[in-house]
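Chain residues, written in single-letter form:
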Amino acid sequence: MTKEEAKKKIESLRKELQEANYKYYVLAQPDMSDYDFDRKLEELQKLEQEFPEFFDPNSPTQRVGGEPTTEFKTVKHKYPMLSLDKSYNIQDLKDWINRISKLVDEKFSFCVELKYDGVSLSNQYIDKKLVQSLTRGDGITGDDVTNNARTIRTLPLVLRGNDVPHEVFARGEVLISRKNFERINKEQAQKGETTYMNARNLAAGTLKLLDPKIVAKRQLDFVAYFMLGEKLPVDNQYDALKKLEQWGFFVPHDYIKATNLDEIMDFILDWGVKRFDFPYDTDGIVVKVNEFDIQEKLGYTAKSPRWAMAYKFPAERKLTKLLSVDFQVGRTGKVTPVANLAPIKLAGTIVKRATLHNEDNMKKLDLHEGDYVYVEKAGEIIPQVVGVDKSKRQPGAKPITFIDHCPVCNTPLIKQGADYFCVNTTTCEPQIKAQIEHFVSRKAMDIDGLGPEIINLLYQNGLIHNIADLYDLKVDDLKNLEGLGEKSAQNIINSIQKSKNQSFERVLYALGIRHVGENAAKLIAKHFKSIDRLMQASAEEITAIKGIGEKIAESIKTYFSNPKNIELINRLKQAGLQFESHEDENPVVDKLHGKKFVISGTFEHFSRDELKQNIEHNGGKVVSSVSKNTDYLLAGDKPGPSKVSKAQNLNISIISEADYLNMIK
Ligand code: IVH
């Protein structure tokens, strides 16, 4: 291919992929199959490698994240990033409308939008191309996080349309959906790493990560709500949002033009309820004077525009009595303080316990025995103590401090970052029970019938003290335990025996080495192929694997330096677990090449996870919702009726488990 031809091809691929990205992420109306997208992206990657002279930081290939940086540059905002005045009740809003109505003679309207609870970001585009993304910082200067911003799929790298000014700034909010927040927090907890209090903290933390590849995996979103520049093609906020959408941005999910307080109120009341089912956290609504010329007349105070006002939804917060503080020890030994409370109803559920997060947070709260504390739900889900009513404190009440020894096994605690750890990983009861729970869990050894209660029972009866003891259990040990009979005892033993066939990567994950999550275990197993080789590897050899960092390597070395862990592994080897990978004996077949499946209902031969693995193993893909690009709806027992009717409407084949088994025969 000549240089000229390559250039043309690169340009056309970039355009096609940008278009597909926009349709998929912004319009949610995909028109290119994932398979085609991946193929074209690969083709583009190859061409860009072959012809590095055509590198473009805004190419769709750059979404995966470039090289890590060591720090972020501080840059002055061309237009300062102001904040919004806030009101907490309708009267404040009314007063504001009266105030500004007196300042201008003309009639004006309002644009009413959702107030997203994320982190603001200002994006500069020159000749349609993203050149710089800055955080708010102190409003005058912000951090240059362009490389991280480029990984956000809903932030266009190149704008669409023919009316984009030479230079334009698109400001908005970086968000993380509640679903992703939960997923990431779960993964963090599994790896024994810091969890985040809410989606906003997670989005803020992610935007400041030094490695854009990790940012890409977190799946941030960007919603644009503000346009700035010299020669804008619109003269009011409502049209600006429409325009931003045409240019390729994701804009507020709902916004209206309103002419009076009643219409604004309707929007507030509507979203005050709908927000709880919304995929993103919102903390209020924003009312903006719609017309730019009136905005200009109203102007700005030092901190905020006079033409806009935020109305904050009331966060449900209740006062209750603190009964005591527990210190919970997790699987990795991390100690978390938890408040026991006099029960109260909060945002729909009865709350008896609330997290205190860590020592720093406890110090900030300055808790004393018998205090009355304010409780809120973080991100509407996890109850947390947010304050203390000091006026209700009894004279002479003692302060509550963090502990310095493990509350269970009395081992001195060690501080790492903001958290304390009990390092007695081999005999501290809650750690062991949690390790066993992790070991048997579905994504690890997938042993059925061993829930937390049974594990506790086995532990209390002295039948298991570690994961290796599971493989010495006999039906006779189990059948007389409370709640178990001969049949369930036999089922458990069968399931334990069956787990000996689980692959090395699963065994490695199941060991519960700190920071070694599912993904890391996969990469490490693939690279070293046996536990013996991994045990002999140096930290440098481990970090040489792409995607494995120092923290993981260090944790692996620490794990293997404990003779008790070596003993455990030797016993598991004796029991017949897989400590080597036999990848080549199980080659990937391609019977379902590129075919897209939606799975619904329950199945006889597979769990949902197993079915997904099986489809992928055969070269197919599993997607979550039925669209015109779906090839099959694989329906088990009691499939979702909406999925079935959608598939029928779109003329998509609905197949049974038996049909599927035939397909892969
Ligand atoms: S307009 C000059 N619109 O709220 C005013 N802000 O508390 C520019 N926010 O810093 C902001 N949703 O991060 C605007 N629809 C929306 C918003 C919004 C969320 C955030 C933004 C701002 C903060 C002020």
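So, here's what we can say about the structure. (Residues numbered from 1 in each chain as written. Predicted model: local features only at pLDDT ≥ 70, side-chain atom pairs only at ≥ 80, totals over all residues. Heavy atoms only, no water.)

Quick word on the site of the ligand
- Neighbouring the ligand are L84, K86, E113, L114, K115, Y116, S120, E173, Y225, V286, K288 and P305.
- Between the ligand and Y225 there is a distance of 3.2 Å, counted from an oxygen atom to a side-chain nitrogen or oxygen.
- One of the side-chain N or O atoms of K288 is found 3.0 Å from a nitrogen atom in the ligand.
- Among the elements that line the shell around the ligand, the one with the most residues is strand β3 (residues 110–116), at four residues.
- Looking at the shell around the ligand residue by residue, the classes come out as six nonpolar, one polar and five charged. (Near = heavy atom within 4 Å. Polar contact = N/O pair within 3.5 Å; in protein donor to acceptor, adjacent residues only side chain to side chain. Helix = DSSP H or I, 4+ residues; strand = E, 2+ residues; numbered from the N terminus. Nonpolar A, V, L, I, M, F, W, Y, C, P; charged D, E, K, R; others polar.)

Some details on the side chain of S33
- Tracing the sequence through the fold places S33 in the loop between α1 (3–26) and α2 (34–50).
- Look at S33 and you get buried, because its relative accessible area is 18%.
- For S33, the side chain forms a polar contact with the main-chain nitrogen of D36, separated by 3.0 Å. (Buried < 20%, exposed > 50% of the residue type's maximum accessible area, 1.4 Å probe, protein only.)

Overview of empty space enclosed by the protein
- According to the stated counting rule, one finds one cavity of 30 Å³ or more in the structure shown.
- Of the volumes computed, that of the largest cavity is approximately 70 Å³.
- Lining the largest cavity are Q18, N21, F37, L41, N58, S59, P60, R63, R153 and L157.
- Broken down by secondary-structure element, the contributors of at least two residues to the lining of the largest cavity are α1 and α2.
- Residues that form the lining of the largest cavity fall into these classes: four nonpolar, four polar and two charged. (1 Å grid on protein atoms, 1.4 Å probe; cavity = no way out; pocket = protein on both sides within 12 Å on 5 of 7 lines; lining within 4 Å. Points joined across faces, edges and corners; volume = space filled by probe spheres on them.)

With respect to the nonpolar core
- Core analysis: the biggest nonpolar cluster contains 73 residues, and L93, F110, L244, F249, I264 and I285 have the highest contact counts within it.
- Here this core takes seven residues from strand β8 (residues 221–228), the largest share from any one element.
- Counting 55 residues, the second-largest nonpolar core is a separate cluster that includes I467, V507, A525 and L577. (Core = buried A, V, L, I, M, F, W, Y, C linked by side-chain atoms within 4.5 Å.)

Side note on the packing of helix α12 (residues 429–440) against helix α13 (residues 452–460)
- With their axes 10 Å apart at the nearest point, α12 and α13 run at an angle of 130° to one another. Between α12 and α13, the angle falls in the class oblique. In the crossing of α12 with α13, the sense of the turn from one axis to the other is right-handed. Residue-level contacts link E429, I432, K433, I436, E437 and V440 of α12 to P452, I455, N456, Y459 and Q460 of α13.
- A per-class count over the contact of α12 with α13 returns six nonpolar, two polar and three charged. (Axes fitted to C-alpha atoms, helices over the stretch in contact; angles between N-to-C directions. Parallel < 35°, antiparallel > 145°, perpendicular 65-115°, else oblique. Left-handed = near helix turned anticlockwise from the far one by under 90°. Contact = heavy atoms within 4.5 Å.)

Considerations on the pattern of salt bridges
- For the structure shown, the criterion picks out 40 salt bridges.
- Between K433 and E429 there is a salt bridge, and its shortest N-O distance comes to 2.8 Å. With K433 and E429 both in helix α12 and four residues apart, the pair spans about one turn of that helix.
- D472 is the partner of R571 in a salt bridge, and the nearest nitrogen-oxygen pair spans 2.9 Å. Residue R571 is located in helix α21 (residues 563–575), and its partner D472 is located in the loop between α13 and α14 (475–479); the two are separated by 99 residues in the primary sequence.
- Overall, R571 belongs to the partly exposed group, its relative accessible area being 29%.
- Among the residues examined, D472 registers a relative accessible area of 45% and is labelled partly exposed. (Salt bridge = Lys/Arg side-chain N within 4 Å of Asp/Glu carboxyl O.)

Quick word on the sheet that holds strand β5 (residues 129–135)
- Pairing is antiparallel in the open sheet, where four strands are placed in the order β5-β4-β7-β8. Looking at strand neighbours, the two that pair on one side only are β5 and β8, the edges of this open sheet. Neighbour-to-neighbour, the strand axes of the sheet open up by a mean angle of 30°, direction not taken into account.
- Two strands pair when backbone bridges link them, and strand β7 (residues 167–175) and β8 are joined in this way by seven bridges, in the antiparallel orientation. Of the residues in β8, the one forming a bridge with V174 is F222. (Pairing = 2+ DSSP bridges.)

Regarding the sheet that holds strand β10 (residues 282–289)
- Read across the sheet, five strands follow the order β2-β11-β10-β3-β9 without closing on themselves; strand pairing throughout is mixed. A strand with exactly one partner marks an edge of an open sheet, and here the two such strands are β2 (86–87) and β9 (255–258).
- As judged from the seven bridges shared by β3 and β10, these two strands associate in the antiparallel manner. Across the sheet, the residue bridging to V112 is V287, located in β10.
- Relative to the sheet, helix α8 (residues 237–246) contacts β3, β9 and β10, its axis offset from that of β9 by approximately 155°.

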